[in-house]
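Observations on chain architecture
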Amino acid sequence: MKRSTDRILTSHVGSLPRPAELIALYRSEASGDELETGLRAAVRDVVAKQLDAGIDIVNDGEYGKPTTDEVDYGAWSDYMSGRLGGYETQMVMASTLAGNRDQVDFPGFYASPEGAEGAVTDAVPMGVNVGPITYEGQTLVARDIANLQAAAEELQPADAFISAVSAGAMIWEPGTYYDSVDDEALATAEAMREEYKAITDAGMVVQLDNPHLVDMYTFQYSASRDVRAFRKWAEHHVELVNHSLRGIPEEQVRYHICWGSWKGPHSSDLPLKDVIDLVLKVNAGLYSVEAANPRHEHEWKVWNDVTLPEGRSVMPGVVTHKTNVLEHPELVADRIVRYANAVGRENVVAGTDCGMGGRIHPEVAWAKLKVLAEGAELATKELWR
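Described in the following lines is the structure provided in the data block. Keep in mind it's a predicted model, so treat the numbers as computed, not measured.

With that settled, consider the overall build of the chain. Looking only at helices and strands, one finds 12 helices and 10 strands in the chain. Taking 385 residues into account, the globule formula puts the C-alpha radius of gyration at 21 Å, and the chain, at 20 Å, falls close to it. Expressed as lengths along the three principal axes of its C-alpha atoms, the size of the chain is roughly 60 × 50 × 45 Å. A buried classification covers 56% of the 385 residues belonging to the chain. Pairs at least 24 residues apart make up 84% of the contacts formed inside the chain by residues separated by at least 6 positions. Total accessible area on the chain stands at roughly 16,100 Å², and carbon and sulfur atoms take up 50% of it. Taken as two groups, the 35 positive and 59 negative side-chain charges of the chain have centres that lie 6 Å from each other.

Quick look at the structure:
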């Protein structure tokens, strides 16, 4: 895993805007050579666009994760059920913010057209566990690896990563096969480990996406404000994550947390200080956290009070997916410098709060990545002068 030894490196969290041609291929349920050829070309192009924007550590834009009818980007966790045996798609009644104090505190907002986007209560297609969980995504992950490796070999980025959903993420209630959430989560961890191993055995970096770690508080504990009960669950969850990473070198693992992408008040977000010690127990070489949206920007101060393990890095989000407002490069530089002063300049990689694909306008998303790189350049001049 590359480190910022002589300048601030840049990266991002994962999802990037998709070209219309790729969206059309997925929605037409194209298969065989047509999809594979289009996907390979799209991955090559998105790597080139990242480099043109000034991004050092690139990925495949998550283009290998299918577009769904609901969104024009790869659903970051839903793809998992397509690579695991034991799941089938069912229509399930879902309330995305059920149990969230945010919805209780701001009922008028969530009843408005603007807030309704973040508070969906409807029957939606979801993968439901109905049998023993096994990993069946070998061909798909091998394809994703090959596409990114080919693009990286041609275009020579500083480094490359592939994102994967974290073990046990987004399992709120068990399906019909396992007796408990814990049993289903453990089976998922065992299965998804095969995907992590495939990526790292190929010499690449895997990023585990795990908003579940802090979102569990939002959805299950924020109404009662029971941080102690949440931490008991979180300690067990981190053990599960590390179990899924056993034998994988931590320098090949990035670990991402965030507080959800809906554009609401986020009044009930768990403060980073209440979970940072558990985050740092994850066996990863880099930790990705939100640092640009106004609910969490102040939390750079948390890093003054913790000891970052030797050899590990932090990737603060210095541009955000929460708004189409374009950050100024000087603001981006200020955010980077704060983190560098807290944990050491060599331990900072400048990133995004979360995936940019599908959450803001594509033109703005790419502009934000360019501003990220411009800010990193300004921060480098200040930190290495």
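There is more to say, and it comes next.
We now examine the packing of aromatic side chains. Overall, the coordinates contain seven aromatic pairs when judged by the stated rule. Residues tyrosine 217 and phenylalanine 230 carry aromatic rings whose centres are separated by 5.7 Å and whose planes lie at 80° to one another, so their mutual orientation is edge-to-face. Of the two residues, tyrosine 217 sits in helix 8 (residues 212-221) while phenylalanine 230 sits in helix 9 (residues 227-244), which places them 13 residues apart along the sequence. As far as burial versus exposure is concerned, tyrosine 217 and phenylalanine 230 are alike and both buried.

With that settled, consider the side chain of glutamine 207. Here glutamine 207 lies in strand 6 (residues 205-209). Here the side chain of glutamine 207 touches arginine 254 through a polar contact of 2.8 Å, side chain to side chain. Apart from the residues lying within four places of it in its own chain, the contact partners of glutamine 207 are His12, Val13, Phe161, Ile162, Ser163, Ala164, Arg254 and His256.

Taking 1.5 Å of rise per residue, the 21 residues of helix 7 (residues 181-201) would be expected to cover 30 Å, and the 30 Å separating its terminal C-alpha atoms lies within 8% of that figure. Of all the bends in helix 7, the largest measures some 25° and sits at alanine 191. All buried positions along helix 7 are accounted for by Glu184, Ala185, Ala187, Thr188, Ala189, Ala191, Met192, Arg193, Glu195, Tyr196, Ile199 and Thr200. One or two positions beyond helix 7, positive phi appears at glycine 203, with a value near 85°.

As a further point, take the sheet that holds strand 5 (residues 159-165). Two modes of strand pairing occur in sheets, parallel and antiparallel, and in both the strands are linked by backbone hydrogen bonds. Here we have eight strands laid out as an open sheet, ordered 1-10-9-8-7-6-5-2, and parallel in their pairing. With partners counted over all chains shown, the strands left at the sheet margins are strand 1 (9-10) and strand 2 (57-58), one partner each. Where strand 8 (residues 286-289) meets strand 9 (residues 313-319), four bridges bridge the pair, whose relative direction is parallel. Of the residues in strand 9, the one forming a bridge with tyrosine 287 is valine 314. On the sheet, helix 11 (residues 329-343) packs against strand 8, strand 9 and strand 10 (349-352) and is oriented at approximately 160° with respect to strand 9.

This part covers the state of the cysteines. A complete count under the given rule lists zero disulfides for this structure. In this structure cysteine 258 is a free cysteine whose sulfur lies 3.8 Å from that of cysteine 354, the closest cysteine sulfur available. When its relative accessible area of 4% is taken as the criterion, cysteine 258 is described as buried.

Bringing the environment of arginine 3 into the picture now. Take arginine 3: it is sitting in the segment before strand 1. Taking relative accessible area as the criterion, arginine 3 reaches 26% and is therefore assigned partly exposed. Sequence spacing of arginine 3 and leucine 51 is 48 residues, and the spatial spacing of their C-alpha atoms is 17 Å. The residues touching arginine 3, leaving out its near neighbours within four places in the chain, are Leu9, Gly311, Arg312, Ser313, Glu346 and Asn347. Of the polar contacts made by the side chain of arginine 3, one reaches the side chain of asparagine 347; its length is 2.3 Å.

Compared with the 30 Å implied by 1.5 Å per residue over 21 residues, the 30 Å span of helix 2 (residues 33-53) between its first and last C-alpha is a close match. Among the residues of helix 2, those classed as buried are Leu35, Leu39, Ala42, Val43, Val46, Val47, Ala48, Gln50 and Ala53. Against helix 1 (20-27), strand 2, helix 6 (138-155) and helix 12 (362-383) lie the buried residues of helix 2. Downstream of helix 2 by a residue or two, glycine 54 has a phi angle that is positive, lying close to 100°.

Reading guide: rules and limits
- Residues numbered from 1 in each chain as written.
- Predicted model: local features only at pLDDT ≥ 70, side-chain atom pairs only at ≥ 80, totals over all residues.
- Heavy atoms only, no water.
- Helix = DSSP H or I, 4+ residues; strand = E, 2+ residues; numbered from the N terminus.
- Rg over C-alpha atoms; globule rule 2.2 N^0.38 Å.
- Buried < 20%, exposed > 50% of the residue type's maximum accessible area, 1.4 Å probe, protein only.
- Contact = heavy atoms within 4.5 Å.
- Areas by Shrake-Rupley, 256 points an atom, 1.4 Å probe, with all protein chains shown as cover.
- Lys, Arg positive; Asp, Glu negative; His and termini not counted.
- Charge placed at Lys NZ, Arg CZ, Asp CG, Glu CD.
- Phe/Tyr/Trp six-rings, centres within 6.5 Å; stacked < 30°, edge-to-face > 60°.
- Polar contact = N/O pair within 3.5 Å; in protein donor to acceptor, adjacent residues only side chain to side chain.
- Expected span 1.5 Å × (residues − 1).
- Bend = angle between axes of the 7 residues up to and from the residue.
- Pairing = 2+ DSSP bridges.
- Axes fitted to C-alpha atoms, helices over the stretch in contact; angles between N-to-C directions.
- Disulfide = S-S within 2.5 Å.

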